[in-house]
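# Breakdown of the fold
The lines below spell out each chain.
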Amino acid sequence: MFSSFSSFYEKARNKEIVAGLTLISIAVVLNLVFGYFAMFFAFYLSFFKWDYIGEMQFVGLQNFEIVIRDLIRGLHGAPYLLVPFYTGLKNILLYTLIVVPIQTFLAIVLASFANQKIRGQQFFKVSYFLPATTSSVIVALIFIWLFMKNGYINYVLVHVIPGFEPVDWINNKDYLLFAIATVAIWGTSGHFMVSFLAAMQAIPREIYEAAMLDGAGPIRRFFFITIPMLRPMITYVVVMGLIGALQMFDLAWIMAGANGGPGGAGYTVALDIYNEAFTRIRPGVAAAKSWFLFAIIFTTTYLFQKKYGRAMR
Amino acid sequence: MKKVLAGGLLVFVLLLAVVAAGCIGGGGQTGTQTPATVTETKVKTETKVETQVQEKVFVRFAGWSAGETEMKNYEKMIKAFEEQNPNIGIKYEVITQMFHENILASYGAGVAPDVFYVDSAWAPIFIDKGALYPISDLADQSFIDQFYPFLLEPFMKDGKLYGLPKDWSMLALFYNKKLFEQAGLTRPPETWEELEEYAKIIADKTGKPGLAIYLGGFNRYVPVAVSNGAPKPWFEKPEDASWFDNPAVKETLTWYIDLYRKGKTERENQGLTPYVVQPSDVGAGWLGDAFGQQEVAMVISGNWMIPFLADQFPDFKYGEDWDIAPVPAGKEGRVTMVYTVILGINAKTEHPQEAWKFVEFLLGPEGQKELVVKGGQTLPSIKGFENDPDMWPQHKKTLSFKYDQMIVFLWGPKSGPLEGKFSDAMAAAMRGEMSVDEAIEVMKQVVQEELSS
């Protein structure tokens with residue numbers, strides 16, 4: 001097979017195209033099968049009732065109706081156990097509102113520190129980026145220890161803030177989501193820092209020099225040169241952050257458990273889709289829910305990009 | 001990676017489908033060269049008879065694993081089986097997490113294993129959909145008669161039997177003898193009220209909580225309700241939610257939930273040692289861990305705790321340091337919960353006879369002697385081992401307890417999802433997020449919703 005391909009390659013008129021297509025073919029095939037085919041199959045599945053074993057049964061829009069009813073009942077204040085999708089959606093929106101701005105801001109700050117000519121900055125760059133190279137499951141497991149009632153975070157807080165009472169972060173419904181958000185911010189800021197660092201190094205030095213001649217201090221240079229010049233990168237990071245946050249699964253799965261932990265505080269839409277598909281055995285409803293999630297992600301990122309995504313230069 | 005998750009996780013099903021297609025498609029045509037044209041004629045005449053007889057059949061067997069020992073024991077048994085049956089090969093696949101979810105997904109993709117574990121709580125889903133091969137069509141009645149009849153009941157439907165249990169466990173009270181002595185207690189508690197009283201005495205006298213329970217855990221609450229006169233829970237249609245209206249159910253549920261609220265929350269507010277805790281309150285992962293670390297004096301747990309204690313806490317000795325007693329009794333008698341797992345045969349298997357041969361080998365007297373009795377993981381599901389010299393004394397003692405009712409973990413066709421939601425509601429009430437009445441209302445609505453349509 002290999003020899004026949006190489007003779008085909010020798011005879012090919014445009015070698016670059018053949019080589020290029022061959023090199024990307026694996027990625028393209030994987031993307032077609034696991035990306036697009038899965039997506040369209042999920043759409044198809046959302047009109048069916050199925051239990052994996054028997055025949056698929058066409059039910060029209062019934063699966064979507066289940067999701068909408070869930071949302072309406074949630075808005076009327078039903079207990080969280082009865083409205084899993086609403087609970088997951090509410091949590092995930094709050095989580096996104098916390099995580100995305102903070103991680104973006106933190107990434108810019110870290111990047112501008114890393115961009116200074118200070119001795120040993122390479123060390124800081126590496127240590128900021130390290131969380132991004134670690135498995136999120138391991139990170140979550142370690143943070144569970146840190147967040148325990150007699151864990152390290154409480155220990156530090158008790159000594160730093162006078163009169164602080166230790167909080168059971170993971171087992172208290174008021175704090176669980178914030179604990180998860182903290183881990184997410186810790187884990188992703190370093191990753192986005194690298195993006196910002198690359199963008200910062202692409203900013204022409206002359207602009208800074210001109211500003212310095214005009215007497216702009218470091219803070220004004222940061223706000224009036226760095227931030228505006230970073231705008232395309234900020235849009236990119238926010239969009240990626242939005243997608244990641246709205247789909248959050250791994251951290252909630254480990255830190256809160258499949259049922260979302262106390263009071264369902266750590267329940268997310270992705271967890272609900274999983275539960276619907278594999279514990280309640282309603283893959284059709286799960287597919288309908290994933291299309292809802294897709295619609296939410298698509299509209300938010302589309303609107304954001306439309307508003308801020310236009311190139312500056 | 002995250003994109004894949006958003007696709008609705010159904011990608012997983014597809015992944016299996018692709019793998020399956022690969023397996024099926026790639027099976028036959030790998031050896032394309034034909035160098036043996038000359039010698040072929042010679043060989044053919046000699047081996048023709050043998051190849052027809054020895055066409056090897058492969059049976060895929062999937063299970064989860066309760067630890068390394070279990071896996072090693074199964075591998076040993078598979079080896080022995082393959083030696084006895086040279087024409088059958090066994091492919092052992094261990095799925096460590098989300099076992100039933102995985103099996104269901106593999107059904108969706110058409111690549112389900114031939115033989116696999118099924119927990120009693122999941123059995124109805126498999127049986128109702130026709131996923132399991134009726135064992136009664138394969139096994140002799142005399143083979144089936146060896147098993148404890150109450151273990152078979154959950155796997156019967158329309159006169160057919162769909163699975164034979166590989167082993168079983170039942171709840172018992174584990175108590176720490178040294179802490180009992182320190183508290184001046186001489187015997188294990190007999191009733192539920194006494195259990196709470198003992199827990200309080202132990203906390204006051206030793207400074208360690210008397211009892212550890214799980215927050216939620218509907219299956220741990222059921223023996224309390226039934227022993228106090230509630231009917232056995234069964235949820236098959238939306239109207240079955242009325243089980244929660246039974247006064248015995250309401251009363252015992254309030255007692256069970258208050259156990260934690262009074263024993264932990266209220267006691268701590270008064271500045272006293274809590275007498276009821278959950279494992280994480282004492283820095284333990286589960287009941288067995290809390291008990292083994294001797295952080296609590298009593299837990300109600302199953303036989304799976306015994307090999308764990310023997311393995312993890314060798315200095316904490318059965319008989320000297322701890323002992324087991326029957327689950328406390330209620331007003332109407334003594335009730336315990338039974339947990340069992342069958343070896344199910346895939347209804348769509350291509351080799352039902354071979355699969356059955358393997359199941360018969362594992363579940364028969366010799367197989368259970370090796371796997372269950374000597375291994376000491378759990379209790380053997382066939383009768384006659386009660387006085388076996390190889391039986392661990394702890395398991396022997398559990399078997400000697402007399403109960404008025406033994407309830408197998410199964411509350412109708414949707415036991416698995418219901419158990420999870422009930423437990424969530426109970427946990428919320430125990431944490432004080434909702435009242436007992438609200439929790440009951442939620443559980444009723446859960447029943448109505450899960451079972452309607």
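- As recorded in an unreviewed UniProt entry, chain B goes by MalE-like maltose/maltodextrin ABC transporter and comes from Thermococcus thioreducens.

- An unreviewed UniProt entry lists chain A under the name Carbohydrate ABC transporter membrane protein 1, CUT1 family, from Thermococcus thioreducens.
- One UniProt comment on chain A, placed under Sequence similarities (unreviewed entry), says "Belongs to the binding-protein-dependent transport system permease family."

## Regarding the sheet that holds strand β8 (residues 211-212) of chain B
Residue and element names in this part refer to chain B.
- Read from one edge to the other, the open sheet built from 5 strands follows the order β9-β8-β10-β7-β11, with strand pairing classed as mixed. Only two strands of the sheet have a single partner each, and these edge strands are β9 (276-277) and β11 (322-325).
- When strand β7 (residues 172-176) meets strand β10 (residues 298-301), the two strands line up antiparallel, connected through 4 bridges. By the bridge assignment, alanine 172 is partnered in β10 with serine 301.
- Where helix α10 (residues 192-206) meets the sheet, it contacts β7, β8 and β10, and its direction lies at approximately 145° from that of β10.
- The strands touched by helix α14 (residues 305-312) within the sheet are β7, β10 and β11, with β7 carrying the most contacts at an inclination of about 25°.

## Describing the domain arrangement of chain A
Residue and element names in this part refer to chain A.
- The domain architecture assigned to chain A consists of domain 1 (1-46) and domain 2 (48-311).
- Taken together, the 6 residues of domain 1 in the interface contact 11 residues of domain 2.
- Counting the surface domain 1 buries against domain 2, the share from its top three residues, Tyr44, Leu45 and Ser46, is 66%.
- Our count for the domain 1 to domain 2 interface comes out at 0 salt bridges.
- At the junction of domain 1 and domain 2, the tally comes to 2 residue pairs in polar contact (both at pLDDT 80 or more).
- Taken together, the residues of the side of domain 1 that touches domain 2 sort by class into 5 nonpolar, 1 polar and no charged.

## Topic: empty space enclosed by the protein
Residues and elements named next belong to chain B.
- For the structure on display, the rule yields 1 cavity of 30 Å³ or more.
- Around the largest cavity, the lining is made up of 16 residues, and of these Trp192, Ile213, Arg220, Tyr256 and Ile300 lie nearest the centre.
- Going through the elements one at a time, α10, β8, α11 (218-227) and α12 (247-269) are the ones with two or more residues in the lining of the largest cavity.
- Each residue belonging to the lining of the largest cavity can be placed in one class, and the counts come to 15 nonpolar, no polar and 1 charged.

## Describing helix α5 (residues 121-133) of chain A
Residues and elements named next belong to chain A.
- Its 13 residues place the ends of α5 19 Å apart at the C-alpha level, agreeing with the 18 Å of an ideal helix rising 1.5 Å per residue.
- Buried within α5 are the following residues: Gln121, Lys125 and Pro131.
- Contact partners of the buried residues in α5: α4 (84-114) and α8 (176-201).

## A closer look at the UniProt feature "domain: ABC transmembrane type-1" (unreviewed entry) in chain A
- Under the local residue numbering, the UniProt record ascribes the feature "domain: ABC transmembrane type-1" (unreviewed entry) to residues 89-304 of chain A.
- Its end C-alpha atoms 19 Å apart, residues 89-304 of chain A is made of 75% helix and 0% strand.

## Side note on the interface of chain A and chain B
- On the side of chain B, 41 residues touch chain A, which itself brings 38 residues to the contact.
- With both chains or domains summed, chain A and chain B bury close to 3,600 Å², and 68% of this area falls on carbon and sulfur atoms.
- For the chain A face of the interface with chain B, the top three residues by lost area are Ile53, Leu81 and Phe278 of chain A, together amounting to 21%.
- For the salt bridge of arginine 280 of chain A with glutamate 450 of chain B, the shortest nitrogen-to-oxygen distance reads 2.7 Å.
- For the pair chain A and chain B, the interface holds 7 residue pairs in polar contact (both at pLDDT 80 or more).
- Listed by contribution, the elements that provide at least two residues to the side of chain A that touches chain B are α2 (15-45), α12 (250-255), α13 (269-278) and α14 (283-308) of chain A.
- Here the side of chain A that touches chain B gets 7 residues from one element, more than from any other, and that element is α2 of chain A.

## Quick look at the packing of aromatic side chains
Residue and element names in this part refer to chain B.
- Evaluated as defined, the whole model comprises 71 aromatic pairs over all chains.
- On the basis of an interplanar angle of 65° and a centroid distance of 6.1 Å, the ring pair of tryptophan 192 and tryptophan 255 is categorised as edge-to-face. Taken together, the positions of tryptophan 192 in helix α10 and tryptophan 255 in helix α12 put the pair 63 residues apart, joining distant regions of the chain.
- Between tryptophan 304 and tyrosine 339 the ring centres are 5.3 Å apart and the planes differ by 80°, which places this aromatic pair in the edge-to-face class. Here tyrosine 339 lies in strand β12 (residues 335-345) and tryptophan 304 lies in the loop between β10 and α14, a separation of 35 residues in the sequence.
- Its relative accessible area of 29% is what places tryptophan 304 among the partly exposed residues.
- Among the aromatic residues, those joined into a cluster by ring pairs are Phe218, Tyr221, Phe235, Trp243, Phe244, Tyr256, Trp304, Tyr339, Phe409, Trp411 and Phe422.
- Above the face of the phenylalanine 58 ring, lysine 91 is positioned so that its terminal group lies 5.0 Å from the ring centre.

## Describing the nonpolar core
- Residues Tyr95 of chain A together with Phe61, Phe126 and Met298 of chain B are the most contacted members of the largest nonpolar core, which totals 232 residues.
- In terms of residue count, the dominant contributor to this core is α8 of chain A (14 residues).
- Beyond its immediate sequence surroundings of up to four residues, methionine 298 of chain B is in contact with Leu173, Phe174, Tyr175, Phe180, Pro189, Leu195, Tyr198, Ala199, Ile202, Gly210, Leu211 and Ala212 of chain B.

## Points about the side chain of serine 301 of chain B
- Considering the arrangement of structural elements, one finds serine 301 of chain B in strand β10.
- Contact partners of serine 301 of chain B, with chain neighbours within four places excluded, come to Met170, Leu171, Ala172, Phe174, Arg220 and Trp286 of chain B.

## Some details on the packing of α11 of chain B against α12 of chain B
Residues and elements named next belong to chain B.
- At a minimum axis separation of 9 Å, α11 and α12 run at an interaxial angle of 130°. In terms of orientation, α11 and α12 fall into the oblique class. Helix-helix and strand crossings are classified by hand; for α11 and α12 the assignment is right-handed. Contacts between α11 and α12 involve Arg220, Tyr221, Val224 and Ala225 from the former and Val249, Thr252, Leu253, Trp255 and Tyr256 from the latter.
- A per-class count over the contact of α11 with α12 returns 7 nonpolar, 1 polar and 1 charged.

## A short note on the domain arrangement of chain B
All names here are of chain B.
- Here the domain parsing of chain B yields domain 1 (57-168 + 340-390) and domain 2 (170-337 + 410-451).
- Summarising the inter-unit geometry, the C-alpha centres of domain 1 and domain 2 are found 30 Å apart.
- Between domain 1 and domain 2, the contact holds 11 residues from the first and 9 residues from the second.
- Along the contact surface separating domain 1 from domain 2 lie 0 salt bridges.
- Among the elements that take part in the side of domain 1 that touches domain 2, helix α6 (residues 123-128) stands out by supplying 3 residues, more than any other.
- When its residues are assigned to classes, the side of domain 1 that touches domain 2 shows 6 nonpolar, 4 polar and 1 charged.

Procedures and definitions
- Residues numbered from 1 in each chain as written.
- Chains lettered and ligands numbered in written order.
- Predicted model: local features only at pLDDT ≥ 70, side-chain atom pairs only at ≥ 80, totals over all residues.
- Heavy atoms only, no water.
- UniProt positions renumbered as here; feature names shortened; annotations may be inferred.
- Pairing = 2+ DSSP bridges.
- Helix = DSSP H or I, 4+ residues; strand = E, 2+ residues; numbered from the N terminus.
- Contact = heavy atoms within 4.5 Å.
- Axes fitted to C-alpha atoms, helices over the stretch in contact; angles between N-to-C directions.
- Domains from an automatic or database assignment.
- Buried area = accessible area lost by both parts, 1.4 Å probe.
- Salt bridge = Lys/Arg side-chain N within 4 Å of Asp/Glu carboxyl O.
- Polar contact = N/O pair within 3.5 Å; in protein donor to acceptor, adjacent residues only side chain to side chain.
- Nonpolar A, V, L, I, M, F, W, Y, C, P; charged D, E, K, R; others polar.
- 1 Å grid on protein atoms, 1.4 Å probe; cavity = no way out; pocket = protein on both sides within 12 Å on 5 of 7 lines; lining within 4 Å.
- Points joined across faces, edges and corners; volume = space filled by probe spheres on them.
- Expected span 1.5 Å × (residues − 1).
- Buried < 20%, exposed > 50% of the residue type's maximum accessible area, 1.4 Å probe, protein only.
- Phe/Tyr/Trp six-rings, centres within 6.5 Å; stacked < 30°, edge-to-face > 60°.
- Lys NZ or Arg CZ within 6 Å of the ring centre and 35° of its normal.
- Core = buried A, V, L, I, M, F, W, Y, C linked by side-chain atoms within 4.5 Å.
- Parallel < 35°, antiparallel > 145°, perpendicular 65-115°, else oblique.
- Left-handed = near helix turned anticlockwise from the far one by under 90°.

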